[in-house]
Each structure stands twice: as C-alpha cells, then as structure tokens.
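Letter by letter, the chains look like this.
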Amino acid sequence: MKVAGKDQQVKYCVTAIIDLLGFSSHLEIGGNDLRTNIGQEAVNRLQILEDAIRLMNDERVLCKDEYPKEFYYTRINDAVILTLDLPRFFTPSVGELIKRGVSANEIDQFFDLDSIGGDEEFEQAYVTKLSEDTGDLVRFVGLIARIHHYVNRKENTAYFPGAKTVVASGYRRTFFAEGKEDFLAANFSFSNAYLAEKDLHGSNLFLDNNIVQLLCANRFARNLLRFASYVSHPAQFDLFREYDDPLFPPGATVKKEPVAVSLFRKRFSFRELNPSILAYLQVIPRLSTYLLGEKKSKAESFSLSVFEAMKEGPSKADLNLDSAPIFRGRILREDIENDIRIFSEIVECGESAILKEQRERSLRELVLKAPHPS
C-alpha cells in the first residue's frame, strides 16, 4: 500500500534554533556599526557559531555511526538552525501533533505480515521498528545538545550571555528553488521553535514534549532523558539554614516542569533539559549491541558509570525522592569540540586509540615548546 504522492510532499520534522542571547542589544550598543570595538565583539560571537558548524562538519565526515543519515543546517544572523525529517511511520494523523497508535492500514504498509508468525513476533518487529526509526532523532538531539554546550561554554568564557536552544516538531512541505530544496520554506517546526522562544527563558535547552515522547520509544534514550530532566539552578539563600560557607551556598537540582506554549492555536509543551547528559544520546545507536547485552564491554567499572546510567536509568526509588537522582561519571566533556567516538571506544575496547593519540600529540607539542639548552 502506497501513500498518495501529494501527501509525500508533506513531511513531519523537527527543527532546532540555537540563538545567541542579547545579540540585537549588543549591536545597538555599538551603534549597529560592526566597525566599532563593540561591533567587532559581536562579530566574534558570530565566529563561535561558525566554529561550531566547522567542528560539526569535520566530525561528521569521520563519524558515520553517530550522525543522522541526512539533515539540513544553516546560519541566519545570530542563530544556527538545524532540521531533520522524521520517518513517515511517525507522521501523526491529520489534525494531531503527535502519533497516537498504529492503524490497520499502517500495519499493512510498514510490516511484512506474511513473515510474522504471531503476536509475539509482531511485538518484537514493532519494538525493532521503533528503535530503528528513532535512531536518527536520537542522534540529532544528542548533536544539538553538544553544539548548545559548546556555544555556551565559549560564550561564558568571553563573558557573554550564551545561547538559548529550542527544538520543536511540526510539518513542512517540500519546495525546490533552482533545483535545490529549501528546507525552511513552509516549515512549521521552524516556525514553532521560533515563536516558542519568547515564552522560554535563559541560556538553556528546551525540547518540545512531542519530541521527548518519540525519543522515549528508545528505552536507553528514555533513561538519559529522565536524568536530564533534573537541571541545576542557583538556590535561594536560606537565612535559617546552616551552610558550610555562606558565600558558596550549594545550588539546587530540580525537575523542571513543562512550559505550556500556544502556537498557531495549538497547545505545545517544552521541557528544559540538561544538555551535558543529553549529549550522550548521540552514541546510543552505536552502542546498542552493548546496551542490549549482546556484546560485553571491556571497560573498567569507573569508565562504565555513564554507560550504566544509559542502560539502567534512575531507579524507581530515586525517582520517588525529592532530590535528583545522581548521574555518575561524566568522564568526558561531550561538546562538539571533543571527539564523540572516544566514549564509545572506551566502552567497546576498554581504552580509546583516539584519546591516546591526542595525549601523545599534546606531549610532543609540549616537548617542542620547552626551552632547550644552548
């Protein structure tokens, strides 16, 4: 059974907007003249976005397992925009924002019923289908988290306010101009992300709850999302609490509740999530055989703490506590400046050839820079 050709021009997709905060005000202070010192600093902020794109493209060539097969990106002024089309299996019914169940026609269209022996085999085929079709979305959201983390780290180093990232779902219709597809034309996931920004605040990462729901079709992604739902924020100083040091009160890690946003008279919800944890989504497809127990990791227990968090998620007891579940590990900083393959190599082999080469290269550079006796 084939879908009508007209329908195939409409795709269900997700779009991420990574937008520098306060950029317009920055330019205004500089008289909207990029030749001033303040204007030059604004240009330097744009260079952070260009560097992020360059790092992504360099890594994408080397990392086939960690990147979606196809996605689109561009930079418009002070924002980077990335778009991913989702498999047709996840396209919602007309008038719906998220897919709700599978119809008999879809079962006939997407599954080879002649080769399925019974209910148990169909259940397994369905789970496999979900895992395979969410793979690129899992990779995409992990990539967005790594870019967001990188941009904010560089911004904070330069004493700038950072970037806000909003990822939204929606439909788009394919348009071509001079033989090239325009991925942002009639792209309502882009419109949704753009409009939602005004109701979402801070240099944080926000994910449309419809995307969260799709990600949870992969149980290992769901495990990471549950940890990432707890976000650190500065705590209010409590006069009646005993602190070890009043100048450094401990921060608060809280589960962020979804923020309701009305977009085109439709109700959406957006969750603030921890990008440092979401970054590990990008390695889940590559490590799936290890997460499923089909292969055994050769890493030591210390190196497996993040891996175990992916595999098991927070316990039910942890989720029932008022405090946040502990996400142990974080042995590597997983932003776009750091090779995403290193963590996978440690899980697979117990060590990373890439990390070893990086250390040896750094040592050689130190030796070359060291003063030599005349």
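Residues numbered from 1 in each chain as written. Predicted model: local features only at pLDDT ≥ 70, side-chain atom pairs only at ≥ 80, totals over all residues. Heavy atoms only, no water.

1. Re the packing of aromatic side chains
Alright, step 1. Taken as a whole, this structure holds 14 aromatic pairs when the rule is applied.
Alright, step 2. On the basis of an interplanar angle of 65° and a centroid distance of 6.3 Å, the ring pair of F71 and F140 is categorised as edge-to-face. Of this pair, F71 sits in the loop between helix 3 (37-62) and strand 2 (72-76) while F140 is found in helix 6 (residues 135-157), placing the two residues 69 residues apart along the sequence. Just as F71 is buried, F140 falls in that class too.
Alright, step 3. Through pairs of rings, three or more aromatic residues link up here, namely F89, F90, F110, F111, F122 and Y126.
Alright, step 4. Above the ring of F160, the side-chain terminus of R45 is found at 5.0 Å from the ring centroid.
Alright, step 5. The ring of F175 carries R173 above its face, with NZ or CZ at 4.9 Å from the centroid. (Phe/Tyr/Trp six-rings, centres within 6.5 Å; stacked < 30°, edge-to-face > 60°. Helix = DSSP H or I, 4+ residues; strand = E, 2+ residues; numbered from the N terminus. Buried < 20%, exposed > 50% of the residue type's maximum accessible area, 1.4 Å probe, protein only. Lys NZ or Arg CZ within 6 Å of the ring centre and 35° of its normal.)

2. Some details on the packing of helix 9 (residues 219-228) against helix 12 (residues 305-312)
Alright, step 1. Running from amino to carboxyl end, helix 9 crosses helix 12 at an angle of 110°, the nearest separation of the two axes being 6 Å. Judged on the interaxial angle alone, helix 12 and helix 9 are roughly perpendicular. Residue-level contacts link F220, N223, L224 and F227 of helix 9 to A309, M310, K311 and E312 of helix 12.
Alright, step 2. By residue class, the composition of the contact of helix 9 with helix 12 is five nonpolar, one polar and two charged. (Axes fitted to C-alpha atoms, helices over the stretch in contact; angles between N-to-C directions. Parallel < 35°, antiparallel > 145°, perpendicular 65-115°, else oblique. Contact = heavy atoms within 4.5 Å. Nonpolar A, V, L, I, M, F, W, Y, C, P; charged D, E, K, R; others polar.)

3. Description of the side chain of D339
Alright, step 1. Position of D339 among the secondary structure elements: in the loop between helix 13 (316-320) and helix 14 (341-349).
Alright, step 2. Engagement of the side chain of D339 in a polar contact is seen with the side chain of R341, the distance being 2.7 Å.
Alright, step 3. In this structure D339 touches E59, C63, E334, I354 and Q358, once residues within four positions along its chain are discounted. (Polar contact = N/O pair within 3.5 Å; in protein donor to acceptor, adjacent residues only side chain to side chain.)

4. Observations regarding the sheet that holds strand 2
As a general point, the strands of a sheet are linked pairwise by backbone hydrogen bonds and lie either parallel or antiparallel.
Alright, step 1. Spatial strand order, 2-3-1-4-7-11-10: seven strands in an open sheet with mixed pairing. Where the open sheet ends on each side, the last strands, each with one partner, are strand 2 and strand 10 (259-263). Ignoring strand direction, the axes of neighbouring strands in this sheet form an average angle of 25°.
Alright, step 2. In terms of strand pairing, strand 4 (residues 163-173) meets strand 7 (residues 205-208) through three bridges, oriented parallel. Among the inter-strand pairings, V166 is bridged to a residue of strand 7, identified as F206.
Alright, step 3. Running at roughly 10° to strand 1 (residues 10-20), helix 6 makes contact with strand 1, strand 3 (79-85), strand 4 and strand 7 of the sheet.
Alright, step 4. Lying on the sheet, helix 7 (residues 188-196) is in contact with strand 1, strand 3, strand 4, strand 10 and strand 11 (266-273); it crosses strand 4 at an angle near 150°. (Pairing = 2+ DSSP bridges.)

5. Focus: the side chain of E345
Alright, step 1. For E345, the position within the fold is in helix 14.
Alright, step 2. We note that E345 is buried and unpaired, the nearest opposite charge coming from R286 at a distance of 5.0 Å.
Alright, step 3. A distance of 3.1 Å separates a polar atom in the side chain of E345 from the backbone nitrogen of A353.
Alright, step 4. Within polar-contact distance, the side chain of E345 engages the backbone nitrogen of I354 at 3.3 Å.
Alright, step 5. Contact partners of E345, with chain neighbours within four places excluded, come to R286, G350, E351, S352, A353 and I354. (Lys, Arg positive; Asp, Glu negative; His and termini not counted. Salt bridge = Lys/Arg side-chain N within 4 Å of Asp/Glu carboxyl O.)

6. Structural notes on a nonpolar patch on the surface
Alright, step 1. A surface patch of nonpolar side chains, amounting to about 420 Å² of accessible area, comprises F188, Y194, L195 and F264.
Alright, step 2. By the element assignment, Y194 lies in helix 7. (Patch = residues over 30% accessible without salt bridge, like charges linked within 9 Å, V, L, I, M, F, W, Y side chains within 5 Å. Areas by Shrake-Rupley, 256 points an atom, 1.4 Å probe, with all protein chains shown as cover.)

7. Some words on the pattern of salt bridges
Alright, step 1. Taken as a whole, this structure holds 19 salt bridges when the rule is applied.
Alright, step 2. Close ionic contact of E337 with K154 constitutes a salt bridge, the shortest N to O distance being 3.9 Å. Here the residue E337 occupies a position in the loop between helix 13 and helix 14, and K154 occupies one in helix 6, the gap between them amounting to 183 residues.
Alright, step 3. In this structure E337 comes out as partly exposed when scored by relative accessible area, which is 37%.
Alright, step 4. Among the charged side chains, a network of salt bridges with common partners joins R153, K154, D335 and E337.

8. Points about the pairing of strand 4
Alright, step 1. Burial analysis of strand 4 places nine of its eleven residues in the buried class, the great majority of the element.
Alright, step 2. Where strand 1 lies against strand 4, eleven bridges are found, and the strand directions are antiparallel. Note on strand 4: the bridge partner recorded for I17 is V166.

9. Description of the packing of helix 14 against helix 15 (residues 353-369)
Alright, step 1. Axis separation between helix 14 and helix 15 bottoms out at 7 Å; the angle between their running directions is 120°. By the angle class used here, helix 14 and helix 15 are oblique. Packed against helix 14, whose contacting residues are R341, I342 and E345, the element helix 15 presents A353, I354, L355 and Q358 at the interface.
Alright, step 2. Residues belonging to the contact of helix 14 with helix 15 are distributed by class as follows: four nonpolar, one polar and two charged.

10. Examining the environment of S262
Alright, step 1. Inspection of the secondary structure assignment puts S262 in strand 10.
Alright, step 2. For the pair S262 and D199, spaced 63 residues apart in the sequence, the C-alpha separation amounts to 9.5 Å.

11. A few points about the environment of L263
Alright, step 1. Structurally, L263 can be placed in strand 10.
Alright, step 2. We classify L263 as buried; its relative accessible area is 1%.
Alright, step 3. Remark: the alpha-carbon pair of L263 and F188, spanning 75 residues in sequence, is separated by 10.0 Å.
Alright, step 4. The contacts of L263, once residues within four sequence positions are left out, are N192, L195, A196, F268 and F270.

By themselves these figures say nothing about function.
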